[in-house]
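Fold and geometry: a report
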Amino acid sequence: MPTEVLLVTVVLPIAVGTALVLVIVARRRPPRGGNLTPLESWIVSLVGAGGMLAAALGTLSLVTNAVVVFGSEPSIVNDIGYYGSPIDRLDGVEHLVNSGYQTAWVEVSGLPLGPRWLLYLETALPALTSIAIGVAVAWLSIMLLRGRPFTRALPHVIGAAAVAVVIGGLGGQVAGAFGRTATVEYLGVREVTGGDDGNGPYPGLSLFTMNLDFAPIGWALGLALVAAAFQIGVRMQKDTETLV
């Protein structure tokens with residue numbers, strides 16, 4: 001990545017976001033006992049700026065992917081399962097027993113809206129997840145700088161982010177798989193899919209492939225525990241204020 005692009009797309013937005021977070025909290029002093037050191041304030045502000053940047057990039061991704069998926073003709077569909085023949089270039093390589101292709105990309109003209117929407121959701125749902133997490137991180141950073149991290153709304157924000165992680169992580173994978181299946185069906189299953197004609201498998205596209213990654217569930221459970229911890233903190237803070 002060129003230095004100029006890195007400065008414009010990453011460093012500058014984070015610097016501006018950090019300054020913005022500091023400006024937001026500058027007018028309100030945190031309560032006694034909740035003050036952060038200058039170094040801690042800058043670190044928290046930097047993290048908050050990163051959250052804002054993640055949310056902004058997620059929003060930008062929603063728009064740009066919509067333009068690509070719905071505005072391009074022909075449509076390019078990537079990562080379709082493919083039963084491929086051996087790779088000729090690798091013939092004769094020592095110790096190589098076999099080779100082939102697992103995925104393929106195709107350019108399709110006149111792709112209906114149904115497959116387009118599914119392929120768009122494959123990227124849109126993870127982008128929404130990034131937005132939700134970015135908002136939660138930025139919100140928490142601002143609350144920390146104000147000295148009141150245990151607010152009523154924050155556990156709900158983190159809980160919503162946990163739900164978004166599951167929906168975005170798993171939903172995107174499912175939508176993409178069915179979007180590719182719909183594309184293959186549009187092209188014609190008998191004409192483009194691979195199979196067995198009695199003489200063995202022959203090259204062609206796969207009608208349906210999906211390898212689910214369940215890691216988002218683990219991340220979501222972790223965020224749910226964080227939300228529960230903050231909910232307990234809200235109750236404890238309320239009880240302390242009542243005693244005082």
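Report on the accompanying structure. (Residues numbered from 1 in each chain as written. Predicted model: local features only at pLDDT ≥ 70, side-chain atom pairs only at ≥ 80, totals over all residues. Heavy atoms only, no water.)

**Notes on the pattern of salt bridges**
One pass over the full model with this rule turns up 2 salt bridges. The partner of Arg116 in a salt bridge is Glu73, with the nearest N and O atoms 3.1 Å apart. Highlighted residues: Arg116 in helix H3 (residues 113–146) and Glu73 in the loop between helix H2 (38–71) and strand S1 (75–83), separated in sequence by 43 residues. Assessed through its relative accessible area of 49%, Glu73 is described here as partly exposed. One salt bridge in this structure joins Arg180 and Glu122, with 2.9 Å as the shortest N-O distance. Of this pair, Arg180 sits in helix H4 (residues 153–187) while Glu122 sits in helix H3, placing them 58 residues apart in sequence. Given a relative accessible area of 24%, Glu122 falls into the partly exposed group. (Salt bridge = Lys/Arg side-chain N within 4 Å of Asp/Glu carboxyl O. Helix = DSSP H or I, 4+ residues; strand = E, 2+ residues; numbered from the N terminus. Buried < 20%, exposed > 50% of the residue type's maximum accessible area, 1.4 Å probe, protein only.)

**Considering the sheet that holds strand S5 (residues 204–205)**
Ordered by their spatial adjacency, 3 strands build an open sheet running S2-S1-S5, and the pairing between neighbours is antiparallel. The outermost strands of the open sheet, each flanked by one partner alone, are strand S2 (103–108) and S5. Here 2 bridges tie S1 to S5, and the two strands are oriented antiparallel to one another. Considered in S5, the bridge of Tyr82 is made with Leu205. (Pairing = 2+ DSSP bridges.)

**Some points on unusual backbone geometry**
Residue Glu73 is joined to Pro74 through a cis peptide bond whose omega torsion reads 0°. The residue Pro74 is located in the loop between H2 and S1 in this model. The backbone of His95 sits at a positive phi, close to 75°, despite the residue not being glycine. Turning to its location among the elements, His95 is positioned in the loop between S1 and S2. Owing to a relative accessible area of 74%, His95 belongs among the exposed residues under this scheme.

The values reported here are purely geometric and, on their own, carry no functional implication.
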